[in-house]
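# Structural description and commentary
The lines below spell out each chain.
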Amino acid sequence: MKGIFAVALGVLTAIGGFVDIGDLVTSSLVGSRFGLTLGWVLIVGAVGICLFAQMSGRVAAVSGRATFEIIRERLGARMALANLSASFLINLLTLAAEVGGIALSLQLASSIEPALWFPVAAIALWIVIWRVKFSILENVTGLLGLALLVFAVTVFFLHPDWSALGSQFLLQPSPHSNEAPATYWYYAIGLFGSSMTPYEVFFYSSGAIEEKWTPKDLKQSRLNVLVGFPLGAILSLSIVACSAIVLLPKGIGVASLFETALPVAQAFGKIGLIIAILGFVAVTFGAALEVTLSSGYALSQFFGWPWGKFRRPAAASRFHVVMILSLLAAIGILFTGVDPVQLTEFSVVFSAIALPLTYLPILIVANDPGYMGDQVNGKVTNFFGLVFLGIVLLASIAAIPLMIISGAGA
Amino acid sequence: MIHRLLAVRVASGALALLLAAALAGCSADANARGSLSQSATTAASASRAAGLLLGQNESGRILPTVLDTGLSDAADRLAAQAQNVVTLTAIGGIGASRARVLSDIRAAQDAVASAQEASAAGHDSGRALERQRQELDRVAQQLAASSKRLEQQ
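The sections below set out a description of the structure shown in this document. Everything quoted here is computed from the prediction, not taken from an experiment.

This part is about the packing of helix α3 (residues 39–63) of chain A against helix α10 (residues 198–210) of chain A. Residues and elements named next belong to chain A. Two numbers describe how α3 lies on α10: the axes approach to 8 Å, and their chain directions differ by 30°. Taken as axis vectors, α3 and α10 run roughly parallel relative to one another. Helix-helix and strand crossings are classified by hand; for α3 and α10 the assignment is right-handed. Contacts between α3 and α10 involve I49, F52, A53, S56, G57 and A60 from the first element and E200, V201, Y204, S205, A208 and I209 from the second. Here the residues of the contact of α3 with α10 sort into eight nonpolar, three polar and one charged.

Put into structure tokens, the structure is as follows:
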């Protein structure tokens with residue numbers, strides 16, 4: 001019974017924790033401009049993140065060390081530095097976007113300007129990281145994030161034209177959509193980047209060390225990833241569908257978080273809105289915790305400093321200082337006056353640019369018998385790993401030219 | 001012979017300059033039209049979002065905090081687009097279109113401001129909000145039509 005509960009909790013947490021501000025904004029924006037014609041990207045992205053998260057979790061469980069530590073040892077300081085620089089900068093951008101997301105969500109609940117919420121959110125994040133146990137912070141935010149299931153239910157309550165939605169999913173553009181091909185592909189890369197954000201694999205592999213995984217835990221980890229993440233992707237897909245049903249026919253292109261919530265209000269009124277806002281706060285707060293921790297993990301593992309929440313803060317002081325500085329930098333970025341929604345759009349595209357530097361080393365380490373023993377990647381995993389590396393590389397190369405041609409998706 | 005060569009070079013140089021100037025002019029013209037069309041589309045989208053918000057408010061589906069946030073956001077986006085249009089150089093015969101788009105954006109701004117006032121006034125604001133919703137829907141249609149016309153030119 002205890003085992004079943006642990007599996008269910010893991011899967012539910014993975015579903016609720018899959019969505020972050022990048023998914024919220026990009027999914028609803030894409031739905032409002034392209035309908036479901038970009039739905040396939042979410043499926044590709046979900047397969048990719050399942051593949052690499054499972055790989056990095058396996059590396060951690062088998063070797064007893066986080067992926068970043070092994071990358072430096074196995075591939076040398078130069079390669080690890082390239083990996084670190086790209087990931088850390090993207091992490092900072094993502095963290096600023098997530099803190100902005102918390103502030104925007106709290107604005108929906110209070111009408112108080114987001115700028116006043118930035119420091120409150122950062123202090124709350126720091127207190128939770130400082131005081132709350134790893135398993136509690138992961139499970140509570142993940143479970144509260146399930147409130148976003150209201151979007152999946154909304155799709156059915158809006159009584160959509162299923163055949164029209166189905167044909168959009170099969171790449172038949174909606175008559176309301178009139179976007180240029182470059183803009184379509186620009187947002188395809190953004191959506192892909194939001195599904196495969198680098199912090200997710202660093203958090204997953206370091207979390208495995210925090211929770212002291214051994215090879216015995218691999219079965220449960222596989223189940224969490226292979227069931228939880230695809231269900232999380234369906235949640236993202238339902239956000240796309242909600243926007244495609246309500247906003248696209250009205251010609252409303254999402255540029256703000258309140259617009260993401262309008263389809264839920266249409267279906268369920270105030271109660272639905274309250275549930276959606278609770279979900280927004282939970283997923284953005286949960287993701288901000290994960291990104292903050294990932295910043296600490298990445299830098300500490302690179303420099304060989306003691307790290308982890310399983311250590312007392314005094315025993316991992318530099319790890320905690322990095323996280324505090326990352327939070328301060330994120331607030332600094334937000335106080336420049338940048339629009340958090342636009343920041344999110346850019347952060348997911350820049351994530352896509354940095355993806356090869358994150359995922360290539362993981363694939364190399366997962367194939368090294370010196371670390372993995374008989375748990376090295378099988379032929380099928382390697383085949384899909386290489387296919388995804390190709391996709392990631394293509395997305396990374398195409399991102400900047402498409403950004404210029406499409407005027408950043410304008 | 002030398003004079004003829006020189007004359008040919010000067011003529012071809014002048015031709016190239018003329019061509020470059022014409023191309024630059026066309027490109028600037030197209031850019032201005034594209035920017036104006038983009039502003040009209042964004043303003044239409046913001047007006048429709050505010051209109052949808054007011055419609056949902058009429059049927060009691062919106063929390064006051066979300067209404068307040070949504071209207072402020074729409075006001076900010078409309079103000080940004082008005083600013084864009086004001087600073088746009090009216091070249092290539094887009095002066096009339098620019099004036100029309102600007103006047104529509106200002107109408108949308110007025111409607112959102114009135115809705116904000118009516119919403120702040122509290123009860124008995126239903127009819128005033130309904131009027132503003134209709135106005136926003138009307139202006140959004142005009143802005144979308146202007147954007148389409150500019151794209152087709």
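Picking up after the structure, the text goes on.
Okay, the packing of aromatic side chains next. Residue and element names in this part refer to chain A. Within the structure shown, the criterion is met by 20 aromatic pairs over all chains. Look at F34 and Y187: their rings are 5.7 Å apart centre to centre, the planes differ by 55°, and that puts the pair in the tilted class. Separated by 153 residues along the polypeptide, F34 in helix α2 (residues 21–34) and Y187 in helix α9 (residues 181–195) bring together distant segments of the chain. Residue classification places F34 among the buried positions, given a relative accessible area of 3%. Summarising the aromatic geometry, the rings of F156 and W162 are spaced 5.4 Å apart at their centres and angled 45° between planes, so their arrangement reads as tilted.

This brings us to unusual backbone geometry. Residue and element names in this part refer to chain A. Of note, H159 is a non-glycine position whose phi angle comes to about 45°, a positive value. Looking at the secondary structure, you find H159 in the loop between α7 (149–157) and α8 (162–169). Since its relative accessible area comes to 68%, H159 is described here as exposed. One non-glycine residue, K212, lies in positive phi territory at about 55°. Summarising the element assignment, K212 is placed in the loop between α10 and α11 (218–246). In this structure K212 comes out as exposed when scored by relative accessible area, which is 59%.

Here is what the cut-offs are and how they apply
- Residues numbered from 1 in each chain as written.
- Chains lettered and ligands numbered in written order.
- Predicted model: local features only at pLDDT ≥ 70, side-chain atom pairs only at ≥ 80, totals over all residues.
- Heavy atoms only, no water.
- Axes fitted to C-alpha atoms, helices over the stretch in contact; angles between N-to-C directions.
- Helix = DSSP H or I, 4+ residues; strand = E, 2+ residues; numbered from the N terminus.
- Parallel < 35°, antiparallel > 145°, perpendicular 65-115°, else oblique.
- Left-handed = near helix turned anticlockwise from the far one by under 90°.
- Contact = heavy atoms within 4.5 Å.
- Nonpolar A, V, L, I, M, F, W, Y, C, P; charged D, E, K, R; others polar.
- Phe/Tyr/Trp six-rings, centres within 6.5 Å; stacked < 30°, edge-to-face > 60°.
- Buried < 20%, exposed > 50% of the residue type's maximum accessible area, 1.4 Å probe, protein only.

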